[in-house]
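# Per-entry structural report
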Amino acid sequence: MSLLTIDRKRSALAVFAIAIALPVACSDGSSAPYSPPALDNDASVADGSTDSSTPDAAPETDSSLPTGPCTTTFRYVPPAGRLVKVAQVTGEWNSFANPGVAMIGPDIDGAFTATVPLAPGLVAYKVILDGAFELNPGARLRKYIGSVENSAVRVADCHLPTLTLATKGMTRAAAGQGRFTASVLFHSGLGAHAIDPATVKLSLRKDQTRTPANAKVDAGTQSIAIDVGSLADGKYTVFVDASDRDGHAAKTLRLVFWIEASDFDWRDAVIYMTMIDRFKNGDTANDAPPTTGVDVRADFQGGDLQGVRAAIASGALDQLGVRAIWLSPFHTNPGGAYPADDGVHNVMGYHGYWPKRAREVDARIGGDAGLKAMVAEAHAHGIRVLQDFVVNHVHKEHEYFTQHPDWFRTGCVCGTNNCDWTLHRLDCLFSDYLPDVNWTVPAASEQFGDDAVWWLDTYDIDGLRIDAVKHVEDAAIVNLTARVRDEFEAAGTRVFMTGETAMGWNGDTLAANQDQYDTISRYIGPSGLDGQFDFVLYHGVSYRTFAYDQKGLLHADYWAQASGWEYPQGAIMTPYIGSQDTPRFVTLGSYRGQDGAHDPGIPGNKWSNYAAAPSDAEPYQRHRLALAWLLGLPGAPMIYYGDEYGEWGGADPNNRAKWRGDSSLAGEEAATLAFVRKLGTARKELAAMRRGAYRPVYGTDDVLVFARQTTAGEVALVAMTRLASGATFTAPLPVTLPLAEGTMLRDRLGGPNVRVTGDAVTITLGARGAAILAP
């Protein structure tokens, strides 16, 4: 997306809560106001079925299956403080009749339940609470009937067998000596026969190679014992298949796991974002010719997946402490020229955000083979791969738009007359050649879920970064996350799902920013995303404190703490100081007024007034300090490609220059790269820097010390100064930090060691310097 687009999206959601409080037509013809609940509600709905990958369509009839009713049990738990006298459930099976099926309760847990016979498929329903239609806040799925949003349950055919994981274990005595054991249970369908041991098949996949594996089947207990050993480090998937004695097959069970020296947590991930075409050219044979009529700055420039693989193989990302790589979208995009949002220049989809094929890797960035080889190389280095998944729109040449136009909205373009970004956030088009996906169409919702599963499985991808989250219905996030987790997480390996909900910062108080936090948070939780990019922290701190001098280091400390207060507990947020949608940090730090504040003359126009390389060392010093702050923060911080050495550039496309990280860097760029390598190494080696809680220690506007402290008592101190003259200061240590008198703290960035003396530390830092101090 262009910077202009992101800015418009950000301003649009300032009144998000108002925009979604729309009347919902109920099945009895009445109208009731309804505001969807936040996705982190912990109420639950349980049903007697298992999930199926079958789209919402009439299932094929198998005349050999047993017959008889299949039932689904619905469960509703009122939120704390809510008194419900009469509860019912109603849905597609009875045309949303009111009254519906009576729910029995409350039971000892406060739950209401009802059992209903249902045919297989995705079934919409609502609960009726004291006469009012409502969504079940604990439902894992949503489905629209017409324009009405409903809770949903995916009902499988109860006559078919299923497979579930009972136990698992992973061990690694040494490299090449990994072992995976598991016990899988076969559950016969209702009225069907038991397991046929001869049909049990196991296969083990590593990278793109699948090999058969042996299994021991106990027909009496219908259990399948799995034991595979002598495993090298890396990512694996065990596929389990079995049928009953009549040949009815259970859905394949995937068991995904890693063998590695230490268990990975997504808090361990430093995420490296690369725009594939602007990174490294690893294979000139797939270079695209120039596109007629397109400005060269917005055309393909030769970067490819082979280049990404080469950079990973060289150890360039390992040296930065990178544990995850976020790739720009790799769906095939259209050729040809399309108008930019300035109405003057022509652009094309080199960036990947205009998909025209649902299941095809763009040949111009390396194609199918390039992606598979790149993922395998990343996994060999223990690096997880995140796919940028576009869910809001497609290009008008997309096969789904040509075949299923009813899945899409066409109409007004966001930000034009009578097409406000807020009021039309769900239905306006980012451009007139980008049809908007209508997630209220069940077939579209199911298909995009199928596609996500296909990409993750086919290319062994580890997670998704969801683009433009706030511009799609909540159902998109709920259904997508549920589908992915059900398909891939049986063995406990998390598919990381994070999102882009572009927001801003409204001033110095939490109250002024509550809507910003709430909008980002609403998509995070057990039925939603693992985390999101921290737009509030970026706009509130990153450039205001470190590129300019609008705010001091105490401001940075406060708003870093606020991220911990305001986002849902357990969320893995991604702080950042630059991205593909922002000017480069070094350039922001190059344009300051005489008072040190932002100079409005910064290059911000997409096509003119371009930035130049910094003329002195100060922007690089500011950049290094910002990176020290960034990599000291909780969560999964993101480094935008080139920021590791201080790439410069203004707004898109000036911020998307070719990567120079493996060419000869000199001066401040070389110094920045060396510094960031030390930061990444420190974060990788110190558990406190990855998994510790944020603890304020000491600060003024010019110096700051904060700690990262784990529950096991591991501690690291991050110290910094923004003074050009450097600083020496004494910081008292909170009694809650387990650093005993006389403890020697070593600076992982190469500065002098510091000893704990009198429950304090005296620290000396150089010009705009930083230290990471730990025993």
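As a reminder, the structure under discussion sits directly above these lines.
Below you will find a few notes about this structure. Keep in mind the model is a prediction, meaning the values are calculated, not measured.

## Thoughts on the sheet that holds strand E14 (residues 209-213)
Reading across from one edge, E14-E13-E17-E18 is the order of the 4 strands in this open sheet, with antiparallel pairing throughout. The open sheet terminates on both sides in strands that have one partner only, identified here as E14 and strand E18 (253-259). Along the sheet, successive strands turn relative to each other by an average axial angle of 25°, direction set aside. With 6 bridges joining them, strand E13 (residues 201-206) and strand E17 (residues 234-241) adopt antiparallel strand pairing.

## Topic: empty space enclosed by the protein
Tallied over the entire structure, the rule returns 7 cavities of 30 Å³ or more. There is about 80 Å³ of room inside the largest cavity. Around the largest cavity sit His331, Pro355, Ala358, Phe389, Val390, His393, Val394, His398, Tyr400, Phe448, Asp451 and Trp455, which together line it. Of all the secondary-structure elements, those providing two or more residues to the lining of the largest cavity are strand E23 (384-390) and helix H6 (442-458). A total of 3 residues in the lining of the largest cavity trace back to one element, the largest contributor, which is H6. Among the residues making up the lining of the largest cavity, the classes are represented as 8 nonpolar, 3 polar and 1 charged.

## Describing the nonpolar core
Ranked by internal contacts, the top residues of the largest apolar core, which has 147 residues, are Ile466, Phe546, Trp629 and Met720. With 8 residues, the top contributor of residues to this core is helix H9 (residues 535-547). In this structure, Ile466 is in contact with Phe389, Val391, Ile477, Leu480, Met497, Thr498, Gly499, Glu500 and Leu529, ignoring residues within four places of it in sequence. Of all hydrophobic cores here, the second largest spans 24 residues; its members include Val184, Ile195, Ile226 and Phe257.

## Examining the pattern of salt bridges
Using the criterion set out here, one finds 52 salt bridges in the structure. Residue Arg309 pairs with Glu377 through a salt bridge whose shortest N-O separation is 3.5 Å. Here Arg309 is found in helix H3 (residues 305-313), whereas its partner Glu377 is found in helix H4 (residues 367-380), with 68 residues between them in sequence. A cluster of three or more residues bridged by salt bridges with shared partners is formed by Arg205, Lys235, Lys251, Arg254, Asp450, Asp457, Asp460, Asp462, Arg483 and Glu487.

## So, helix H12 (residues 618-630)
Relative to the 18 Å expected for 13 residues at 1.5 Å per residue, H12 spans 18 Å between its end C-alpha atoms, a close match to the ideal helical length. Counting buried residues in H12 gives 13 out of 13 residues, a clear majority hidden from the surface.

## Regarding the sheet that holds strand E27 (residues 496-499)
Strands sit in the order E28-E27-E26-E23-E20-E19-E29 across an open sheet of 7 strands; the sheet is parallel. Two strands close off the open sheet at either side, each with one partner strand: strand E28 (531-532) and strand E29 (638-640). Across 3 bridges, the pairing between strand E19 (residues 271-274) and E29 is parallel. Each bridged residue has a counterpart across the sheet, and for Ile271 the counterpart in E29 is Met638. On the sheet, H6 packs against E23 and strand E26 (463-467) and is oriented at approximately 155° with respect to E23.

## Topic: the pairing of E19
Side chains Ile271 and Met273 project from E19 onto one buried face, and the interleaved Tyr272 and Thr274 project onto a second face that is buried too. Relative to strand E20 (residues 324-327), E19 runs parallel, the two being bridged by 4 bridges. Paired with Thr274 across the strands is Leu327, a residue of E20. Handedness of the E19-H3-E20 crossover: right-handed.

## Observations regarding the packing of aromatic side chains
What describes a pair of aromatic rings is the distance from one ring centre to the other and the angle between the planes of the rings. As enumerated under the stated definition, the model contains 35 aromatic pairs in all. On the basis of an interplanar angle of 45° and a centroid distance of 5.5 Å, the ring pair of Trp439 and Phe448 is categorised as tilted. Owing to a relative accessible area of 2%, Trp439 belongs among the buried residues under this scheme. Consider the rings of Phe533 and Tyr576, whose centres lie 6.2 Å apart with planes at 65°: the pair is edge-to-face. With Phe533 in the loop between E28 and H9 and Tyr576 in the loop between helix H10 (553-566) and helix H11 (585-588), this pair connects stretches of sequence that are 43 residues apart. Relative accessible area serves as the criterion here: at 5%, Phe533 is assigned to the buried category. Ring pairs connect the aromatic residues Trp326, Phe533, Phe535, Tyr538, Tyr543, Tyr548 and Tyr576, which therefore count as one cluster. For Arg297, the ring lying beneath its charged end belongs to Tyr610, and the centroid distance is 5.1 Å. The cationic tip of Arg522 hangs over the ring face of Tyr523; the distance from NZ or CZ to the ring centre is 5.6 Å.

Parameters and conventions
- Residues numbered from 1 in each chain as written.
- Predicted model: local features only at pLDDT ≥ 70, side-chain atom pairs only at ≥ 80, totals over all residues.
- Heavy atoms only, no water.
- Pairing = 2+ DSSP bridges.
- Helix = DSSP H or I, 4+ residues; strand = E, 2+ residues; numbered from the N terminus.
- Axes fitted to C-alpha atoms, helices over the stretch in contact; angles between N-to-C directions.
- 1 Å grid on protein atoms, 1.4 Å probe; cavity = no way out; pocket = protein on both sides within 12 Å on 5 of 7 lines; lining within 4 Å.
- Points joined across faces, edges and corners; volume = space filled by probe spheres on them.
- Nonpolar A, V, L, I, M, F, W, Y, C, P; charged D, E, K, R; others polar.
- Core = buried A, V, L, I, M, F, W, Y, C linked by side-chain atoms within 4.5 Å.
- Buried < 20%, exposed > 50% of the residue type's maximum accessible area, 1.4 Å probe, protein only.
- Contact = heavy atoms within 4.5 Å.
- Salt bridge = Lys/Arg side-chain N within 4 Å of Asp/Glu carboxyl O.
- Expected span 1.5 Å × (residues − 1).
- Right-handed = clockwise from strand over helix to strand, strands pointing away.
- Phe/Tyr/Trp six-rings, centres within 6.5 Å; stacked < 30°, edge-to-face > 60°.
- Lys NZ or Arg CZ within 6 Å of the ring centre and 35° of its normal.

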